[in-house]
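# Observations on chain architecture
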Amino acid sequence: AAGRARAALPPQELQDDCDRFWAALSIKHWGPKLHFSQDGAMNWKEVPAPRYPLDSEVKPGIPATLRLIWSISHSTDHLWIGSEPGGLFKASRDGSDPTLITGLWNHESRKENWFGGGRNYPGIHSICIHPQDEKQIFVGISCAGVFKSGDGGISWKPMNTGLRADYLPDPHVAVGHDPHSMQICRSQPEVIWQQNHCGVFRTVNGGERWQDVTSKNGLGKYGFALVIDHEDALRAWIIPAESDEQRVAHGLALKVCETQDGGATWTSHTKGLPQDYCFDLVFRHAFTAKDELMAFGTTNGNLYISQDQGKTWTLIHSHLPPVHNVNIY
């Protein structure tokens with residue numbers, strides 16, 4: 001295929017009467033594209049992708065143009081679209097009229113303190129909307145950190161206290177952190193988890209302060225993939241990687257690590273997963289769960305499922321292109 005799906009939203013999560021499934025494509029020759037389906041992904045229709053205002057600049061002298069649609073989320077009446085080079089857009093729930101959220105784009109820290117991690121420009125990869133108060137919106141930005149709006153996107157503030165940016169001269173800067181994946185617990189929304197460039201972190205007070213809950217043996221010190229239990233705020237799963245320099249399975253052995261006590265202890269699950277010379281990496285949106293079922297895809301085109309919440313795994317497909325996104329619906 002000419003394009004790769006980079007962000008998708010299952011229809012039951014949209015909670016609207018049009019039952020849409022959204023997908024964003026990154027196409028080498030034609031750029032980012034946005035599509036939706038109303039018949040279970042059998043047929044697709046394109047809608048205009050977000051556009052930056054003509055006078056927008058990433059930095060002085062560098063015009064801002066849409067390079068990647070990296071994340072899609074929703075509130076009752078809107079779609080929220082995270083992009084590279086660091087812009088957040090709000091559209092109607094049918095995808096029309098995407099508008100740049102200027103309160104975040106014009107934040108005083110952006111031009112000097114946001115920067116690209118694995119990509120050339122910063123990108124918004126996680127959009128978490130408070131399930132009981134849709135005016136509270138959290139975004140994860142690589143690299144800048146976590147930002148929160150309490151007024152529906154008008155104003156924003158960094159929420160990075162307790163995080164570390166070990167790659168910077170000052171690891172405790174207010175802005176410049178690299179969350180790789182972030183999820184808010186739907187039943188206890190003051191609890192938010194993130195798999196970070198520098199470990200696994202958890203907050204129990206809505207991002208006011210983060211606690212490092214990385215395993216004592218270093219698993220999760222680096223990685224991308226994160227799944228949380230939305231009924232049990234103490235429970236989460238990660239798939240660790242080796243390091244920033246070696247983006248492969250940790251120890252060349254693929255494993256899923258689970259905590260049931262808020263990160264105080266972690267258990268590794270390896271049954272059914274390759275344990276020798278495994279070069280697979282799992283991207284941030286390529287690990288998902290629903291009820292007892294879990295699934296993840298890898299950069300080497302392997303797709304695994306578990307029907308017992310991650311304890312045992314079965315390879316159900318291989319030789320796929322690199323898997324960027326997995327959803328269960």
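Now for a quick tour of the structure. (Residues numbered from 1 in each chain as written. Predicted model: local features only at pLDDT ≥ 70, side-chain atom pairs only at ≥ 80, totals over all residues. Heavy atoms only, no water.)

### Here we look at the nonpolar core
Stated formally: Definition used in this section: a nonpolar core is a set of buried Ala, Val, Leu, Ile, Met, Phe, Trp, Tyr and Cys residues joined via side-chain atoms within 4.5 Å. Exposure is judged per residue with a 1.4 Å probe applied to protein chains only, and the accessible area is read against the type maximum: over 50% gives exposed, under 20% gives buried, and values in between give partly exposed. The helix and strand labels rest on DSSP assignments: H or I over at least four residues marks a helix, E over at least two residues marks a strand, and numbering proceeds from the N terminus. The contact criterion used throughout is that any non-hydrogen atoms of two residues lie within 4.5 Å.
I239, L254, V256, F287, F296 and W313 are the most contacted members of the largest nonpolar core, which totals 20 residues. Per element, the largest residue contribution to this core is three residues, and it comes from strand β24 (residues 293-297). Once you skip the residues sitting within four places of it in the chain, F287 turns out to touch A225, L226, V227, W237, I238, I239, V256, V282, M294, A295, F296 and W313. L34, A64, I69 and F89 belong to the second largest nonpolar core, which has 18 residues in total.

### What to know about the environment of Q307
Structurally, Q307 can be placed in the loop between β25 (303-306) and β26 (314-317). Given the relative accessible area of 63%, Q307 is considered exposed. Counting along the chain gives twelve residues from Q307 to A295, while the straight-line C-alpha distance between them is 8.9 Å. Residues in contact with Q307, not counting those within four places in the same chain, are E292, L293 and T312.

### Things to note about the pairing of strand β11 (residues 123-129)
Test applied: For two strands to pair, DSSP has to find at least two bridges joining them.
Extensive coverage of β11 is indicated by the burial of seven of its seven residues. By the bridge criterion, six bridges tie β11 to strand β12 (residues 137-142) in an arrangement that is antiparallel. By the bridge assignment for β12, I129 is matched with I137.

### Some remarks on the environment of W210
For clarity, the threshold we go by: Here a polar contact is taken to be a pair of N or O atoms separated by no more than 3.5 Å, where protein atoms must pair a possible hydrogen donor with a possible acceptor and residues adjacent in sequence count only if both atoms sit in side chains.
Position of W210 relative to the elements: it lies in the loop between β17 (199-203) and β18 (211-212). Of the polar contacts made by the side chain of W210, one reaches the backbone oxygen of M159; its length is 2.8 Å.

### Some points on the sheet that holds strand β15 (residues 179-184)
Spatial strand order, β15-β16-β17-β18: four strands in an open sheet with antiparallel pairing. Two strands in the sheet have a free side with no partner beyond their single neighbour: β15 and β18. As judged from the five bridges shared by β15 and strand β16 (residues 192-196), these two strands associate in the antiparallel manner. Residue pairing in the sheet places P179 in a bridge with N196 of β16.

### Here we look at the sheet that holds strand β19 (residues 223-228)
Quick reminder of the rule: Comment: axis = line fitted to C-alpha atoms, over the contacting stretch for helices; angle = value between 0 and 180 degrees taken between N-to-C directions.
The strand order across the open sheet formed by four strands is β19-β20-β21-β22, and the pairing between neighbours is antiparallel. Each edge of the open sheet is held by one strand with a lone partner, namely β19 and β22 (267-269). Within the sheet, the average angular offset between the axes of one strand and its neighbour, ignoring direction, is 25°. In terms of strand pairing, β19 meets strand β20 (residues 236-240) through five bridges, oriented antiparallel. In the strand pairing of β20, V227 is matched with W237.

By themselves, these observations are geometric and do not establish any function.
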